[in-house]
Amino acid sequence: MTETDHSRRQFVNRLAKSLLGLSVIPRPAFAAVPGAKSTADHVIFLYMSGGMSHLDTFDLRPDNKEIQGPVTGIKTKVPGTHVTGHLPLIAGQMDKIAQIRSMSHTQGNHEPGSYHVRTGYDIGSGVIAHPALGAWITKLAPRLTAAMPPYIRVGDLGGHPSNGFFPASFSPLPVSSAKAGLQNSGLREGFDRATFQESLDLVSTFDRKFRQRHAGSAQVAAYAELYTEAVRLMSSEDLDGFDIAREPAEVREAYGGPQSPFGQGCLLARRLIERGSRFVEVDLGGWDTHTDNHTEVAKQCSAMDRPIATLLTDLADRGLLERTLVVVSTEFGRSPEIDQYGGRNHNPFGYTNLLAGGGVIGGAVYGKSDPSGKGVSENPVKARDFNATIAHALGIDYLQMETPGSGGQFFSIGGKDTDPDKGKPIAALFG
Amino acid sequence: MTFLCALISLNFTVVGLIVAADAVEFESHILPILEKNCFECHSSRIKKPKGGVSFDSAAALAEVAADPEWKAVLELLKLPAGDDDLMPPADDGGPLKQDEIALLEKWVSEGAGIGGFVAHRHSDEKLNSGLGGKDIATDIAAAAAEIDRLVETGLEKRGLKRNPEIDEATFLRRAYLELAGRNPTVIEAETFLKSSTPGKRASLVESLSNSDAYVSHHLNYWTKVLRVQSKQDGNEKEAWLGYLRESIASNKPYDKWVREMLTSEGRVWENPAIGFYLRDNKNRLAGYEAMTSVFLGTDIGCAQCHDHPSEPLSQLDYFKMYGFYSASHPYNGTQDRFLTMDDKAFMETYHQRQDEARTKRLTQRDREQQIVLLGYLAGADLKQKITSRPETTGSRVPKSYRYDDIEHNAYLPPEPIFGEAPELAKVGQKPMVVFTEWATGPQNLKFTHVIANRIWLKIMGAPVLGPPTDLLTLEDAKNADLADHLAELMLACAYDLKRFQAILMNTRTYQSETIPAETIGADFAFAGPVLRRLSAEQIWDSLLTLIREEVDPPSVAPQPDFSYSVALRNATSPDEYWSLVGRELDRQLETHTGYFGARGDTIRSEVKTARQGFDGDFLVRASELNSPAPDGHFLQVFGQGKRAVIEDQWDAATIPQTLMLLNGNLHDEIAQPGSAISHVLGNMEDSAATIERIYLATLARIPDAEELVLARRVTADGSRESFFRLLWILLNTTEYVLQP
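These notes cover the structure that comes with them. Positions within a chain are numbered from 1, following the residues in the order the chain's sequence is written. Think of it this way: whatever chain is written first is A, whatever ligand is written first is 1, and the rest follow in order. Only residues with pLDDT of 70 or above have their local features reported here, since the model is predicted, and side-chain atom pairs are shown and tallied only from 80 upward, although totals for entire chains, interfaces and linings are computed over all residues.

With that settled, the discussion passes to helix H5 (residues 133-140) of chain A. Residue and element names in this part refer to chain A. Think of it as a crowd count around each C-beta: if 20 or more other C-beta atoms lie within 10 Å the residue is buried, if 12 or fewer it is exposed, and in between it is partly exposed, with C-beta placed from the backbone throughout. Each helix is a run of H or I in the DSSP string that is no shorter than four residues. Each strand is a run of E no shorter than two, and both are numbered from the N terminus. Among the eight residues that make up H5, eight are buried, leaving the element largely enclosed by the rest of the structure. Inspection of H5 places Leu-133, Gly-134, Ala-135, Trp-136, Ile-137, Thr-138, Lys-139 and Leu-140 among the buried residues, and these make up the whole buried set. Contact between two residues is assigned whenever their backbone-derived C-beta positions fall within 7 Å. Structurally, H5 contributes buried residues whose contacts are with strand S1 (42-48), helix H4 (110-119), strand S5 (151-154), strand S7 (279-284) and helix H12 (383-393).

Attention shifts here to the nonpolar core. One nonpolar core equals one set of buried Ala, Val, Leu, Ile, Met, Phe, Trp, Tyr and Cys residues connected by C-beta atoms within 7 Å. Grouped together as the largest cluster of nonpolar side chains are 262 residues, with contacts concentrated most on Leu-46, Ile-137 and Val-327 of chain A together with Leu-489 of chain B. If sequence neighbours within four positions are ignored, Leu-489 of chain B has contacts with Ile-136, Ala-137, Ala-143, Ala-452, Phe-500 and Ile-503 of chain B.

Following Met-87 of chain B, the chain continues into Pro-88 of chain B via a peptide bond in cis, with omega recorded as -15°. Its place among the elements puts Pro-88 of chain B in the loop between helix H4 (70-77) and helix H5 (98-109). Here the amide bond leading from Ser-627 of chain B into Pro-628 of chain B is cis, since omega sits at 0°, within 30 degrees of zero. Checked against the element boundaries, Pro-628 of chain B lands in the loop between helix H26 (594-611) and helix H27 (634-637). For Asn-184 of chain A, which is not glycine, the phi dihedral falls at a positive 60°. The topology assignment puts Asn-184 of chain A in the loop between strand S6 (173-175) and helix H6 (193-213).

In this complex, chain A contributes 65 residues to the contact, which on the side of chain B involves 70 residues. Those elements giving two or more residues to the side of chain A that touches chain B turn out to be helix H1 (3-20), S6, H6 and helix H7 (218-235) of chain A. In this classification, Asp, Glu, Lys and Arg are treated as charged, Ala, Val, Leu, Ile, Met, Phe, Trp, Tyr, Cys and Pro as nonpolar, and every other residue, Gly included, as polar. For the side of chain A that touches chain B, the per-class residue count stands at 31 nonpolar, 27 polar and seven charged.

Before going further, it helps to spend a moment on the pairing of strand S8 (residues 324-330) of chain A. Residues and elements named next belong to chain A. In terms of burial, S8 is a largely internal element, seven of the seven residues being buried. Of the two faces of S8, the one lined by Thr-324, Val-326, Val-328 and Thr-330 and the one lined by Leu-325, Val-327 and Ser-329 are each fully buried. Any two strands with at least two DSSP bridges between them are considered paired. Pairing analysis gives seven bridges linking S1 to S8, with the strands arranged parallel. In the strand pairing of S8, Leu-46 is matched with Val-328. Here four bridges tie S8 to strand S11 (residues 351-357), and the two strands are oriented antiparallel to one another. Each bridged residue has a counterpart across the sheet, and for Val-327 the counterpart in S11 is Leu-355.

Glancing now at H7 of chain A. All names here are of chain A. Between its terminal C-alpha atoms H7 stretches 25 Å, which fits the 26 Å expected from 18 residues at 1.5 Å a residue. Buried residues of H7: Gln-219, Val-220, Ala-222, Tyr-223, Leu-226, Tyr-227, Ala-230, Leu-233 and Met-234, and no others. Looking straight down H7, one finds its buried side chains confined to an arc of 155°; they lie on one side. Expected helix span is taken as 1.5 Å per residue step, with the number of steps being one fewer than the number of residues. As used here, the arc belongs to the directions running from the helix axis to the C-beta atoms.

The subject of this paragraph is the environment of Pro-258 of chain A. All names here are of chain A. Locating Pro-258 in the fold gives a position in the loop between helix H9 (249-254) and helix H10 (261-274). The exposed category is assigned to Pro-258, around which 11 C-beta atoms lie within 10 Å. Along the sequence, Pro-258 and Lys-179 sit 79 residues apart, while their C-alpha atoms lie 8.3 Å from each other.

Residue and element names in this part refer to chain A. Mapped onto the secondary structure, Met-304 falls in helix H11 (residues 293-317). Residue Met-304 is classed as buried on the basis of its C-beta count, with 26 C-beta atoms lying within 10 Å. C-alpha separation for the pair Met-304 and Leu-87, spaced 217 residues apart in sequence, amounts to 8.1 Å. Contact partners of Met-304, with chain neighbours within four places excluded, come to Phe-262 and Leu-284.

Have a look at this one:
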């Protein structure tokens, strides 16, 4: 086969895909690393949007008052590990959490930074859009259940890389708020279950001729099938997964109650992975502490403390933590200097991410930021390394190359396998 | 250079040769042999031809004659089949046939003359010269028939037959979706179906091409191709959208508006076409790559970081061409932001105000902070200016260059990625004009192939020449004659896209029943157009016809008012500047427009639209909404895309779409007593007539006998609810979301 043939064939495949829609493309075989054992089935991806200050949360500077400011550390369940006093509940769960204190990249603005950590690539081209990690995982790992959508995001898709160059079926199903649940999944006023079902049957009856006439079209079949799937979801117990009101009041309270949208999101995430979703994302915004950093970070800590601590205990109590990787990520950390407005500015050169459950050694601390708190002095970890680590836990080949089908470009979670700079999982975090 | 190896593997079929008794003629006898057997590796199109030898221009041939000399070349041709030095190599079809070698020997012995030969035009660079010059676009019916003939030839070659012709109703809905971007209304449908005028299909195409709806729909189309985001900071996008709208409405020839954008200079109120350059102001390489994809049909993205793995395009080519293209630059300095005021003095007052606001911990609810922000935004807008460089400067080898054949930061002369380099230093001509002439001029056939292929894809659902952003060569086209003819036709139409579309829609090929998407990939033979899902905008705009009486916006939008920007530019002191900003804030708050005035409304509307998009004030055609629509909006759920990447819309079936059509509140709007469909259905006393209208309103056709029986059963009690239930059922059929 010549290269010209090859690119033409690629084009044809791509065209067929774009015309067909997703649900009809056969799912690829599980792109597992031969012989590798997965340590997790699910990911709960908690994103601290705006840039979480590593210096005021997990990577403290008790010996440097100038950097540290008024923050004081407290002991945690792990001897010798301290976190800010504003995270007392998480302190009690540190034995489940591994810290990566040497995250590093060079994208210092929110949009490019967030794109970089979510995709492993730099934002840029008007021609290629890279898929977010969740889309990669949805693409490369098999679905766990037929009814449950594999990739769900609590929140909107604005500014999110989403499915990138993958077909739209690999984009997250957005649930705009945990409280509202899945959009349009309830019956319209005037419809009871029986009338609805009857009307649906009529849709098939009225549509029968059209479907028959286009029996050769996978697209038509996909639409028909999708109705079945949507209705299955509407009437299945899985739909209850989207409804946090079904949780006992004390559980909802433990996650922070109605005044904590982030906590509600974490609770929803637990319900969703419990029913077979692979990858659920929840954001906590407000970390862009340019003004009065210490007051603001204290507020942010109180917003994250209870939900995350409860999520970890809840998952552990239900026996889910073992196979669920909880990720805490952010676009960058914050600068050691406090400016004249009491703020810390963006610092992508060194910051902290967390991993818990899913086979990760709890209590571990990997990498080291430098004494100034700005850079990294030991074991730097790139976004691609971090994403490869998550893929590795799921047993996914993080170097499995995928192409948008144009210009001969290939991408993977870890980058190009021939690239000396390709991502590598942090093996030290796994037992 | 790895890409060269990739090129040496085509299969060659040697054509029969005329053995010349008379003198051998270069162009008729020798050139064909060279083209078939040698140009893959030895052509001046390849940046580094094998052995530094090429055979496709007079200059190159003269070099060969001098060194290594033709006799040496002949020796290589005559080596035994197993020899490593044999030319062409054994795995590339070597050795040549005996009669070919004999012909070459005769030619060399006669002095290897090349007559008047200058340079070879490679087959993807030339159009079918047989048609050139004739006006093949004047008679639409004849032009359509010629296309049908070429399609039919392609079908016959593959043993396929054209699909049956579609009926009037199918044509009606198809034509409305294609040209007006929406379903016909009940009245529009009745008018067409009842008409017995001969040639009514052609008339419909013509009248729809001249409608307001045409402008709305095609604005959506080009917004996707050009990635226009109306919500980007600054007001230049609004101006650019206005420019595109006007260009579509006046049916400005495609090559003309592309040239206008590529040569645009000035400030946005002087020339709104600069929106094209400002789109990628912050990432000029992205703009360069998108331009090359959209207008030149060449995806060069990968060559930013490495040589193209399969095409003759190196990383250096990428940057040489960039040096050629980047003849314009956004003006990012502040020196001439104000006509008279000193910029530094202004910036001091800005920093003072900003510092004060931050020290006082003011928020965006505080007037002082609002003024600082508005003043900042307006100041940034004033920097938006495009100027042509005085001369083409070329570019430098970037730090990221990954090969060691040239030093970092070495000078790279400006060079096009294909075709002939124009004279760069034409006296009195701006570099951006030189570039534009090269890119859009008649000698660049790709420019024409791109747009012909793009419009064919738009109408037929699949291309004839590969993806419009990364064209195939004619050799690789499944129906090269058709592809070639379409480019010829585009030239004959003088890039009049309305006319070109009308010709395609008048073909029998277009007016045939569809083929499923998955079959087209095998042969690209068009037994009919490809079955496609409606775009997000087509579905939204079609649903609107059920709710609103008049849905099509006027094709001429009011020009954005830049008097505020002009006044700021003319400000003579910072005090005057800030007082103008204060007045602007008052105006925004009073009129509920602009950044702060509209903000409350925008936020409110986004909360609502984030749910559905079906909300009284925002029930306007997609072209009149922000581009892209907010998350969770109907348009986003159905795949409008983000306008971040060229044509990033999608048409996959997803669960949220289904849930929205089943349970969404669009049905509330449709069922309201004041909705357009309620009005059309009237008192619903005549059951058969009501059912017919519901069919026309949704599927643009009349129910057949069997469907009528079914529909009568659903509406047996004759209640309003039952008729709306029928409507709900039809809106949820696959037929509704697919182009018939």
